[in-house]
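# Notes for the structure review
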Amino acid sequence: MANLKSAKTRIKRNQKREKINLDRLNAVRTEEKKTRKAVAAGDKEGAKAAFKSAEAALARAAGKGTVHKKTASRHISRLAQAVKSLFTKA
């Protein structure tokens, strides 16, 4: 257990940040799942809307440092590719 006041403060702060980051990451994962489900169901409009929401959540998480910028970019790219495949099918 920490003895110094600054160490105790740091522990509290870290716990708060951890909760915020986990909540944000869970939101990102949920949005990605919604997009993937809409793509799997073949719902073009639903997939487009879900992708827009997922893209915003990923960008926000990357901007806040919850996920790395390149990780967010990769996820956005893969989701965009999946949504695009709905519109290119004949």
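Residues numbered from 1 in each chain as written. Predicted model: local features only at pLDDT ≥ 70, side-chain atom pairs only at ≥ 80, totals over all residues. Heavy atoms only, no water.

### With respect to the overall build of the protein chain
Check the secondary structure of the protein chain and you find three helices and zero strands. Mapped from its N terminus to its C terminus, the protein chain presents α and β elements in the order α-α-α. In summary, the protein chain has a C-alpha radius of gyration of 18 Å against a globular reference of 12 Å for 90 residues, an excess of more than 25%. Once the C-alpha set of the protein chain is aligned to its principal axes, its extents read approximately 65 × 20 × 15 Å. (Helix = DSSP H or I, 4+ residues; strand = E, 2+ residues; numbered from the N terminus. Rg over C-alpha atoms; globule rule 2.2 N^0.38 Å.)

### Describing the side chain of Glu-32
Here Glu-32 shows up in helix H1 (residues 5-41). Apart from residues lying up to four places away in sequence, Glu-32 is in contact with Ala-54, Leu-58, His-75 and Leu-79. (Contact = heavy atoms within 4.5 Å.)

### Structural notes on the side chain of Arg-24
Positionally, Arg-24 belongs in helix H1. The buried charged residue Arg-24 lacks any salt bridge partner; its closest oppositely charged side chain belongs to Asp-23, at an N-O distance of 9.0 Å. Beyond its immediate sequence surroundings of up to four residues, Arg-24 is in contact with Arg-17, Ala-61, Lys-64 and Thr-66. (Buried < 20%, exposed > 50% of the residue type's maximum accessible area, 1.4 Å probe, protein only. Lys, Arg positive; Asp, Glu negative; His and termini not counted. Salt bridge = Lys/Arg side-chain N within 4 Å of Asp/Glu carboxyl O.)

### Digging into the environment of Ser-53
Following the sequence through the fold, Ser-53 ends up in helix H2 (residues 44-64). You can call Ser-53 partly exposed: its relative accessible area is 30%. Counting along the chain gives 22 residues from Ser-53 to Glu-31, while the straight-line C-alpha distance between them is 6.7 Å.

Read these as spatial facts, not as claims about activity.
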